[in-house]
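Residue strings, one per chain:
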Amino acid sequence: MESAPEVFAGAAFALFGAGLLVWTAVCARTGAPVADGVSRPAATVTALLAGVVFLATGGWLLAAL
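Just so it is clear, the structure is predicted and the values come from calculations on it, not from any experiment.

Could you give an account of a nonpolar patch on the surface, with specific residues and numbers?
Together, V7, L62 and L65 line one region of the surface with nonpolar side chains, adding up to about 250 Å² of accessible area. For L62, the location among the structural elements is in helix α2 (residues 40-63).

Written out as structure tokens, the structure is:
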């Protein structure tokens, strides 16, 4: 029962990270801006790094059960 919050947090982090990676890839492929007011390469790299960090954190939380 104590692992329920950990499962929820791990799933939330993993889903958000995966969604951010997919969204960034679609924006980069179609040429749409990733973030307003920021240079395209900086926004793409930052979003990709954040997506990987969130996905890794979610995987770590789910694997630590």
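Next, the rest of the story.
Can you break down the environment of F8 residue by residue, with the values?
Structurally, F8 can be placed in helix α1 (residues 4-30). Since its relative accessible area comes to 64%, F8 is described here as exposed. Remark: the alpha-carbon pair of F8 and L62, spanning 54 residues in sequence, is separated by 8.9 Å.

I'd like a rundown of the packing of α1 against α2, residues and numbers included.
Look at α1 against α2: their axes get within 7 Å of each other, and the N-to-C directions meet at 155°. Of the possible angle classes, the one that applies to α1 and α2 is roughly antiparallel. Handedness of the α1/α2 crossing: left-handed. Among the residues making up the contact of α1 with α2, the classes are represented as 17 nonpolar, 7 polar and 1 charged.

Quick one: what's the story with the packing of aromatic side chains, residue by residue and with numbers?
Evaluated as defined, the whole model comprises 2 aromatic pairs. Considering the side-chain rings of F13 and F54, the 5.5 Å spacing of their centres and the 25° angle between planes classify their relative orientation as stacked. Residue F13 is located in helix α1, and its partner F54 is located in helix α2; the two are separated by 41 residues in the primary sequence. Residue classification places F13 among the partly exposed residues on the basis of a relative accessible area of 29%. Judged by relative accessible area, F54 falls into the partly exposed class, the value being 28%. Ring centres 4.9 Å apart and planes at 80° place the aromatic pair F16 and F54 in the edge-to-face group. Residue F16 is located in helix α1, and its partner F54 is located in helix α2; the two are separated by 38 residues in the primary sequence. Judged by relative accessible area, F16 falls into the partly exposed class, the value being 46%. Members of the aromatic cluster, joined through ring pairs, are F13, F16 and F54.

Reading guide: rules and limits
- Residues numbered from 1 in each chain as written.
- Predicted model: local features only at pLDDT ≥ 70, side-chain atom pairs only at ≥ 80, totals over all residues.
- Heavy atoms only, no water.
- Patch = residues over 30% accessible without salt bridge, like charges linked within 9 Å, V, L, I, M, F, W, Y side chains within 5 Å.
- Areas by Shrake-Rupley, 256 points an atom, 1.4 Å probe, with all protein chains shown as cover.
- Salt bridge = Lys/Arg side-chain N within 4 Å of Asp/Glu carboxyl O.
- Helix = DSSP H or I, 4+ residues; strand = E, 2+ residues; numbered from the N terminus.
- Buried < 20%, exposed > 50% of the residue type's maximum accessible area, 1.4 Å probe, protein only.
- Axes fitted to C-alpha atoms, helices over the stretch in contact; angles between N-to-C directions.
- Parallel < 35°, antiparallel > 145°, perpendicular 65-115°, else oblique.
- Left-handed = near helix turned anticlockwise from the far one by under 90°.
- Nonpolar A, V, L, I, M, F, W, Y, C, P; charged D, E, K, R; others polar.
- Phe/Tyr/Trp six-rings, centres within 6.5 Å; stacked < 30°, edge-to-face > 60°.

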